[in-house]
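Chain by chain, the residues:
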Amino acid sequence: MSDLPNLDLDRLPPIDPALYAAPGDPGHAPRILILHGSLRERSFSRFVAQEAGRLLTHLGAEVRHFDPAGLPLPDGAPADHPKVTELRELANWSEGMVWSSPERHGAMTGILKAQIDWIPLSLGGVRPTQGKTLALAQVCGGSQSFNALNQMRVLGRWMRMVTIPNQSSVPKAWDEFDEAGRMKPSPYYHRIVDVMEELVKFTLMTRGRPALTDRYSERVESHEALSKRVNTGRI
């Protein structure tokens, strides 16, 4: 596959869903939404997101990317803003996500966090992210760090997502991509491959098995009561 020049295709065939899928699996390709956390023209977090998308497509997933350009700050626009609507529809469509952020001032960027903040924990008792899988990646301007990854992992847990164990941190990102924005061959590229392969497997294993994330507290509380209790509009 010419679009994946660094990949040994003999060692990474498309994933066979039959090896991982539940009896009630819906049968379609795993649906993965990819978010990145930078608006720069030469954005390394976007380059990682694009590499991830190519790999996921090769592995058999259906991939969609969200462009954060034009997304208003949380609570800075009504919820029916076109970019907010687009993001929420993609979140509802997805069965798994990839979050890719630069580390800025020792943290994920506000651009990435704003996207997550526009995806509410609850919409009328429906949790848009609960039980969905999540893979994490960060890029660093200097030496390797894991601060953004650690923050995003906490955030994924708060969003009630199944955050996979593997993760990717690319140090000195400016030296890991060519002029066209393609990642050079390296152990860091191999790690991204590992993470995307694991994400597809976890997505196939967890979707179609709602009992995995079914909670007692949710079975005894009505959707109406839940919606009133978690309504953050009053805060």
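This text follows the structure it describes.
Keep in mind that what you see is a predicted model, and the values were worked out from it rather than measured. (Residues numbered from 1 in each chain as written. Predicted model: local features only at pLDDT ≥ 70, side-chain atom pairs only at ≥ 80, totals over all residues. Heavy atoms only, no water.)

What exactly am I supposed to notice about the overall build of the protein chain here?
Of regular secondary structure, the protein chain possesses seven helices and five strands. Secondary structure elements of the protein chain occur, N-terminal to C-terminal, as β-α-β-α-β-α-β-α-β-α-α-α. Taken along the three principal axes of its C-alpha coordinates, the protein chain extends 50 × 45 × 30 Å. When each of the 235 residues of the protein chain is scored for burial, the buried share is 47%. Once the 28 positive and 27 negative side-chain charges of the protein chain are each reduced to a mean point, those two points are 6 Å apart. (Helix = DSSP H or I, 4+ residues; strand = E, 2+ residues; numbered from the N terminus. Buried < 20%, exposed > 50% of the residue type's maximum accessible area, 1.4 Å probe, protein only. Lys, Arg positive; Asp, Glu negative; His and termini not counted. Charge placed at Lys NZ, Arg CZ, Asp CG, Glu CD.)

Honestly, helix 1 (residues 44–59) in this entry has me stumped. Any pointers?
Along an α-helix, residues three or four apart share an orientation, since each turn contains 3.6 residues. For helix 1, which comprises 16 residues, the first-to-last C-alpha distance of 22 Å matches the rise-based estimate of 22 Å (1.5 Å per residue) to within 8%. For helix 1, a buried count of twelve out of 16 residues is recorded, marking the element as mostly surrounded by other parts of the structure. Taken together, the buried positions of helix 1 are occupied by F44, S45, F47, V48, A49, E51, A52, G53, L55, L56, H58 and L59. On the buried face of helix 1, the contacting elements are strand 1 (31–36), strand 2 (62–66), strand 3 (96–102), strand 4 (133–139) and helix 5 (187–206). Just past helix 1, the residue G60 takes up positive phi, approximately 110°. (Expected span 1.5 Å × (residues − 1). Contact = heavy atoms within 4.5 Å.)

Explain the packing of aromatic side chains to me, please; I cannot follow it from the model alone.
Each pair of aromatic rings is reported with the distance of its centres and the angle of its planes. Taken as a whole and judged by the stated rule, the model has three aromatic pairs. Aromatic pair F47 and F177: ring centres 5.6 Å apart, planes at 45°, arrangement tilted. Residue F47 is located in helix 1, and its partner F177 is located in the loop between strand 5 (162–170) and helix 5; the two are separated by 130 residues in the primary sequence. Across the pair, exposure class does not vary: F47 and F177 are buried alike. Three or more aromatic residues joined by ring pairs form one cluster here, namely F44, F47 and F177. Cation over ring: R64 sits above W93, and NZ or CZ is 4.1 Å from the ring centre. (Phe/Tyr/Trp six-rings, centres within 6.5 Å; stacked < 30°, edge-to-face > 60°. Lys NZ or Arg CZ within 6 Å of the ring centre and 35° of its normal.)

Got a minute to help me understand the side chain of R182 in this structure?
By secondary structure assignment, the location of R182 is in the loop between strand 5 and helix 5. What makes R182 buried here is its relative accessible area of 17%. Polar side-chain contacts of R182 include one of 2.7 Å to the backbone oxygen of D3. A distance of 2.8 Å separates a polar atom in the side chain of R182 from a polar atom in the side chain of E51. Discounting chain neighbours no more than four positions away, the residues touching R182 are D3, L4, P5, E51, R54, E176 and F177. (Polar contact = N/O pair within 3.5 Å; in protein donor to acceptor, adjacent residues only side chain to side chain.)

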